[in-house]
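Analysis of the macromolecular model
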Amino acid sequence: MENYKIFDLNNWERKEHYLYYTNNLNIEFSITVQLRVDQLLRYCHTSHRRFYAMFICLAAQVVNETDCLKMFRNETGTLCVWNHVHPVYTLFHNDDKTFSDCWSVYHSDPDQMYQTLVSDMETYKDIKGIKAGNGQPANFFCVSCVPWTNFTGYTSRVTNGQPQLFPVITAGKYLSRDDGVFMPVAVTIAHAVCDGYHISLFFDRLQQLISQL
């Protein structure tokens, strides 16, 4: 059984936009938002959970709820949607200041997803090299954290002119303000599959999940 479906491009209201940003202006875009994370910090403190793993868990839930964040082109170039995508995240090595990519199987149950992330982080935390684990599947998205910098913007460039359709989610250092604790979160993705409106929905849903903890 295939773990994806062929997307009905002809009945998509964004068909013209998809074709334009695929054939005429093949670009990606990035949006950074300051998310309020007071409740996430309190939840992690009271439940003795890891902040980074919880953030990945919540981000994975929102991505997997959203078809335009799970799109890809198959071997014939047909637009498809994965049934689910797995988080690929970075593990930082404090001794030599390098990082390694790690991936975890996605679970729709948040507790199971969290436990899987923590287990994999412990297993691969000391494995050096660009890939800490083998067998990374094709259905994935990227998420990472730059905890040393509270940035206000984020960009990346695809040098071969072929933006990837999967989202790249990057969190930064959280800081306290008079009105709460806020953390920058950036999403970078190909314009072919979504617009600023869809990424705004991603941020709204992620903020909602954090506030409901």
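All of the points below concern the structure found in this document. (Residues numbered from 1 in each chain as written. Predicted model: local features only at pLDDT ≥ 70, side-chain atom pairs only at ≥ 80, totals over all residues. Heavy atoms only, no water.)

On to helix α2 (residues 38-47), then. Of the positions making up α2, those classed as buried are D38, L40 and C44. Buried residues along α2 sit against β2 (28-36), α3 (51-64), β10 (180-190) and α5 (196-212). In the stretch just after α2, H48 is the one whose phi turns positive, near 60°. (Buried < 20%, exposed > 50% of the residue type's maximum accessible area, 1.4 Å probe, protein only. Helix = DSSP H or I, 4+ residues; strand = E, 2+ residues; numbered from the N terminus. Contact = heavy atoms within 4.5 Å.)

Across all of its chains, the model carries eleven aromatic pairs by this definition. Note on Y4 and F72: the rings are 5.1 Å apart at their centroids and 90° apart in plane angle, and the pair reads as edge-to-face. With Y4 in strand β1 (residues 4-6) and F72 in strand β3 (residues 71-73), this pair connects stretches of sequence that are 68 residues apart. Here F140 and F166 contribute two aromatic rings whose centre-to-centre distance is 4.8 Å and whose plane-to-plane angle is 45°, an arrangement assigned as tilted. In this pair, F140 is assigned in strand β7 (residues 140-146) and F166 in the loop between β7 and β8 (168-172), connecting sequence segments 26 residues apart. Each of the two residues, F140 as well as F166, counts as buried. Feature note: the residues Y4, F72 and W82 constitute an aromatic cluster, connected by ring pairs. Against the face of Y114 rests R49, its NZ or CZ located 4.4 Å from the ring centre. When the ring centre of F182 is taken as reference, the NZ or CZ atom of R177 above it lies at 3.8 Å. (Phe/Tyr/Trp six-rings, centres within 6.5 Å; stacked < 30°, edge-to-face > 60°. Lys NZ or Arg CZ within 6 Å of the ring centre and 35° of its normal.)

It is worth spelling out a nonpolar patch on the surface at this point. On the surface, a nonpolar cluster with roughly 440 Å² of combined accessible area is contributed by F92, F99, I130 and W148. You can see W148 is positioned in the loop between β7 and β8. (Patch = residues over 30% accessible without salt bridge, like charges linked within 9 Å, V, L, I, M, F, W, Y side chains within 5 Å. Areas by Shrake-Rupley, 256 points an atom, 1.4 Å probe, with all protein chains shown as cover. Salt bridge = Lys/Arg side-chain N within 4 Å of Asp/Glu carboxyl O.)

Across the interface, α2 lies against α3 with an axial gap of 10 Å and an inter-helix angle of 125°. The pairing of α2 with α3 is recorded here as oblique in orientation. Here α2 and α3 pass one another in a crossing that is right-handed. Contacts from L40, L41, Y43 and C44 of α2 reach α3 at F51, M54 and L58. Its residues assigned to classes, the contact of α2 with α3 shows seven nonpolar, no polar and no charged. (Axes fitted to C-alpha atoms, helices over the stretch in contact; angles between N-to-C directions. Parallel < 35°, antiparallel > 145°, perpendicular 65-115°, else oblique. Left-handed = near helix turned anticlockwise from the far one by under 90°. Nonpolar A, V, L, I, M, F, W, Y, C, P; charged D, E, K, R; others polar.)

Right, let's talk about the packing of α3 against helix α4 (residues 110-124) for a bit. Between α3 and α4, the shortest axis-to-axis distance is 9 Å and the interhelical angle comes to 130°. One finds that α3 runs oblique with respect to α4. Relative to α4, α3 is oriented so that their crossing is right-handed. Across the interface between the two elements, Y52, A53, M54, I56, C57 and Q61 of α3 pack against P110, M113, Y114, L117, V118 and M121 of α4. Taken together, the residues of the contact of α3 with α4 sort by class into eleven nonpolar, one polar and no charged.

Let's shift gears to the sheet that holds β3. Read from one edge of the open sheet, three strands run β1-β4-β3, paired in antiparallel fashion. With one partner strand each, in any of the chains shown, β1 and β3 form the two edges of the open sheet. Here the strands of the sheet are splayed against their neighbours by 35° on average, with no regard to which way each runs. Pairing between β3 and strand β4 (residues 79-82): three bridges, direction antiparallel. Paired with M71 across the strands is V81, a residue of β4. (Pairing = 2+ DSSP bridges.)

The analysis is restricted to geometry; functional conclusions fall outside its scope.
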